[in-house]
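Coordinate analysis (summary)
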Amino acid sequence: MTTTDTVVFDRVTKKYGDVRAVDEVSLTLRPGETVALLGPNGAGKSTTLDLLLGLKRPDSGTVTLLGTSPREAIVAGRVGAMLQSGGLMGEVTVAELVRFACGLHPRPHPVSEVLARAGLTAIAGRRADKLSGGQAQRVRFALATAGDSDLIVLDEPTTGMDVTARRAFWATMRDQADQGRTVLFATHYLEEADAIADRVLVLHRGRLLADGTATEIKASTGMRRVSFDLPGGTHDGTSVALDEAALRRLPAVTAVTVSPGGTVRMRSSDADATVHALYGLGVYPRNLEVAGLGLEQAFVALTETDDPTGTGARTGTEEAVPA
Amino acid sequence: MNGLIRLEILRVLRNRKFQFFSVLYPSLLFLLIAGTADSTGPLDGTDGLTLPAYLMVSMASFGALTAVLMGNSERIAKERENGWVRQLRLTPLPGRGYVLAKTAAAAVGALPAIVLVFVVAAVVKDVRLDAWQWLALTAAIWAGSLVFAALGVAIGYAATGDAVRPITMIVYFGLSLLGGLWMPSTTFPGWLQDVAAWLPTHAYAALGRAIEQHHAPGVQDVTVLLAFFVLFTGGAAWLYRKDTLKA
């Protein structure tokens, strides 16, 4: 642990009554990293960000930002943050609000530049409380990037943005990271985490379940994806009775789905054994594919494994992974 | 900090509804009440003040009260709820900056309310005072409004966005009516007069009236106002800290 680390959590715990919203989390973020914070609803993402930004105090453990306390780092203008539901001021225009944010920052960027980067130039004269969800998100982003900060924290930044706006947003963010800033974002969109983050943190039930690159996390589950088309395209007309129950009995299989078109998708902890047994059934699977898990599937596998009953995580995860 | 004060003042000036209730409404009420009454003779129990002179102080105080109380309580509660207060805590703005900017903006809104009542009273109802009295009155009513600005902050931090309007209204009407801002408290039954004498609004208006009567302000009135100022400021600070820890 050195003072040059951007964020250091040292065994941080935050309780609400008996619930441990954040449970003994330790992590270190370094300059220039783009880090995604993933987790089902209620995993502790928002609490983690609140602790990081000094909006909440930990019950135990310490949070250090850029070698100082969160509040000191914010006062020094070294942190720009965008909250999920940060309300905007009424009766003022977008430009007035951005000018105000620039005025507060010790090392501000020019107002016009901040407006342009957030894609707000065309709506700079509009009232800040009369914007669409995506436009309001862009204003919050402008407030978070009003000056030269070392750390940018974003909670669900692209919620309410359409695909084009989202793409433009991440291009801007990558630009920020390229300039040596640390970018930490919480998201529900796993494809965003996969495409943008150098590093992914998976939170579940307040604990840090995984910390690594997206590739490492996908591999860490030890799971593979096995998929193939059933002979003849459907269950009917095949010489071997191959139904879902039979597939589930194959060794190392943990999940099976059969699409109406006859495509079988399985998750296996030992793909070699599974495929071998599949041939052993006398089946000739067409278009057989064995591949690593996508981040989304890895995420589901990770959080399910962690959850003894299996139900809590499943519902949470479904909400967390919009189609 | 200055940036926020500037923005908050802009917002007050742009809010038409707020302008109507804090700036125009007290003057209209003054005309309505003073216009129908016999305005030449001195009013009972007021040490020789005419009704317009008496009412002028009441309505100027009422206007200032409206501006600072409503301006602070409702906006703070709403902005706490919609997350703007949290957003501000992620900027280098000092923690008290938000409350100070709100209060400064409310005070800017209160000044025209006070002055307009004076102008209307002088022009329409021929209220005549010495130059120093006009200045002292303006200063006293303006400074005294800080007591209610602090109350507004306290309510803003205590109430939720849904509850803040009814709570503010009850406090506002209760204080205005019982403090004798709408009708002289000398018309109240004896026991109610005893209660009213201890209300901050009563002391507030008495301060202005003492100036009209060439008196020094009463010790009890000044003490009551100061006590409420300490109470409201302390309460607001305590609620603010509680809210900040919760956030």
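Residues numbered from 1 in each chain as written. Chains lettered and ligands numbered in written order. Predicted model: local features only at pLDDT ≥ 70, side-chain atom pairs only at ≥ 80, totals over all residues.

1. Some details on the overall build of chain A
- A tally of helices and strands in chain A yields twelve helices and 13 strands.
- Referenced to the eigenvectors of the C-alpha coordinate spread, the extents of chain A come out at roughly 75 × 45 × 35 Å.
- For chain A, with 323 residues in total, the buried portion stands at 42%.
- If you take every contact in chain A between residues at least 6 apart in sequence, the share linking residues at least 24 apart comes to 67%. (Helix = DSSP H or I, 4+ residues; strand = E, 2+ residues; numbered from the N terminus. Buried ≥ 20, exposed ≤ 12 C-beta atoms within 10 Å, placed from the backbone. Contact = placed C-beta atoms within 7 Å.)

2. Thoughts on the overall build of chain B
- In terms of helices and strands, chain B carries ten helices and zero strands.
- Tracing chain B from N to C terminus, the helices and strands come up as α-α-α-α-α-α-α-α-α-α.
- Here the C-alpha radius of gyration of chain B, 18 Å, is about what a compact globule of 247 residues would show, namely 18 Å.
- With the C-alpha coordinates aligned to their principal axes, the bounding extent of chain B is approximately 60 × 35 × 30 Å.
- Looking at the 247 residues of chain B, the share that counts as buried comes to 47%.
- Considering only residue pairs separated by 6 or more positions, chain B has 79% of its internal contacts joining residues 24 or more positions apart. (Rg over C-alpha atoms; globule rule 2.2 N^0.38 Å.)

3. Considering helix H10 (residues 219–246) of chain B
All names here are of chain B.
- Here H10 is 28 residues long and its end C-alpha atoms lie 40 Å apart, about the 40 Å a rise of 1.5 Å per residue gives.
- All buried positions along H10 are accounted for by Asp221, Val224, Leu225, Phe228, Phe232, Ala236 and Tyr240.
- Looking at the buried side of H10, the elements it contacts are helix H5 (97–124), helix H6 (131–158) and helix H9 (200–212). (Expected span 1.5 Å × (residues − 1).)

4. So, the interface of chain B and chain A
- On the side of chain A, 24 residues touch chain B, which itself brings 19 residues to the contact.
- Among the secondary structure elements, those contributing two or more residues to the side of chain B that touches chain A are helix H1 (2–14) and helix H4 (84–89) of chain B.
- Residue contributions to the side of chain B that touches chain A peak at six residues, all from H1 of chain B.
- Counted by class, the side of chain B that touches chain A contains eight nonpolar, six polar and five charged residues. (Nonpolar A, V, L, I, M, F, W, Y, C, P; charged D, E, K, R; others polar.)

5. Notes on the sheet that holds strand E1 (residues 7–16) of chain A
Residues and elements named next belong to chain A.
- The sheet built from three strands is open, its strands ordered E2-E1-E4 with antiparallel pairing. The two strands at the open ends of the sheet, each matched to only one other strand, are strand E2 (19–29) and strand E4 (60–65). Mean inter-strand twist for the sheet, computed between neighbouring axes without regard to direction, equals 20°.
- Pairing of E1 with E2 involves seven bridges; the strand directions are antiparallel. Among the inter-strand pairings, lysine 14 is bridged to a residue of E2, identified as valine 22. (Pairing = 2+ DSSP bridges. Axes fitted to C-alpha atoms, helices over the stretch in contact; angles between N-to-C directions.)

6. Observations concerning the packing of helix H3 (residues 51–81) of chain B against H6 of chain B
All names here are of chain B.
- The geometry of H3 relative to H6 is characterised by a closest axis approach of 7 Å and an angle of 25° between their N-to-C directions. Of the possible angle classes, the one that applies to H3 and H6 is roughly parallel. Here H3 runs over H6; the crossing is right-handed. Note on element contacts: H6 touches H3 through Ile141, Trp142, Ser145, Phe148, Ala149, Leu151, Gly152, Val153, Ile155, Gly156 and Tyr157, opposite Ala60, Ser61, Ala64, Leu65, Val68, Leu69, Gly71, Asn72, Ser73, Arg75, Ile76 and Ala77. (Parallel < 35°, antiparallel > 145°, perpendicular 65-115°, else oblique. Left-handed = near helix turned anticlockwise from the far one by under 90°.)

7. Points about the confidence of the model for chain B
- When pLDDT is averaged across chain B, the result is 88; 96% of the residues are at 70 or more.
- At the level of individual helices and strands, chain B shows its lowest average pLDDT in helix H2 (residues 16–36) of chain B, which scores 85, and its highest in H6 of chain B, which scores 93. (pLDDT = per-residue confidence, 0-100.)

8. Some points on the environment of arginine 6 of chain B
All names here are of chain B.
- With respect to the helices, strands and loops of the structure, arginine 6 is situated in helix H1.
- Among the residues examined, arginine 6 registers 17 C-beta atoms within 10 Å and is labelled partly exposed.
- Placed 99 residues apart in sequence, arginine 6 and alanine 105 show a C-alpha to C-alpha distance of 8.0 Å.

9. Comments concerning the sheet that holds strand E9 (residues 207–212) of chain A
Residue and element names in this part refer to chain A.
- One open sheet accounts for six strands, arranged E5-E6-E7-E3-E8-E9; its pairing is mixed. This sheet does not close on itself; its edge strands, each paired only once, are strand E5 (79–82) and E9. Neighbour to neighbour, the strand axes of the sheet diverge by 15° on average, direction disregarded.
- Inspection of the sheet shows strand E3 (residues 34–38) paired to strand E8 (residues 199–204) by four bridges, in the parallel sense. Bridging across to E8, leucine 37 finds its partner in leucine 201.
- Contacting E3, strand E6 (151–155), strand E7 (182–186) and E8, helix H1 (residues 45–52) crosses the sheet at an angle of about 150° to E6.

10. Quick word on the packing of helix H3 (residues 94–104) of chain A against H1 of chain B
- Look at H3 of chain A against H1 of chain B: their axes get within 9 Å of each other, and the N-to-C directions meet at 160°. Relative to H1 of chain B, the element H3 of chain A lies roughly antiparallel. In the packing of H3 of chain A onto H1 of chain B, the handedness of the crossing is left-handed. Between H3 of chain A, through Glu96, Phe100, Gly103 and Leu104 of chain A, and H1 of chain B, the contact on the second element is made entirely by Gly3, Leu4 and Leu7 of chain B.

11. Observations concerning the domain arrangement of chain A
- If you check the domain split of chain A, you get domain 1 (7–218) and domain 2 (224–292).
- Measuring from the centre of the C-alpha atoms in domain 1 of chain A to the corresponding centre in domain 2 of chain A gives 43 Å. (Domains from an automatic or database assignment.)

12. Describing the pairing of E9 of chain A
Residue and element names in this part refer to chain A.
- Across five bridges, E8 lies against E9 in antiparallel orientation. Within the sheet, the bridge partner assigned to leucine 201 lies in E9 and is aspartate 211.
- Between the antiparallel neighbours E8 and E9 lie two residues, among them arginine 205 with a positive phi of about 50°.

13. Section: the environment of arginine 14 of chain B
- Topologically, arginine 14 of chain B is positioned in helix H1.
- The exposure class assigned to arginine 14 of chain B is partly exposed, which follows from the 13 C-beta atoms found within 10 Å.

14. Brief notes about the confidence of the model for chain A
All names here are of chain A.
- Here chain A averages 84 in pLDDT, while 90% of its residues score no lower than 70.
- The least confident element of chain A is helix H12 (residues 311–320), whose mean pLDDT is 38; the most confident is E4, at 95.
- Counting interchain partners and residues more than four positions distant, the pLDDT-below-50 stretch residues 310–323 has 23 contacts.

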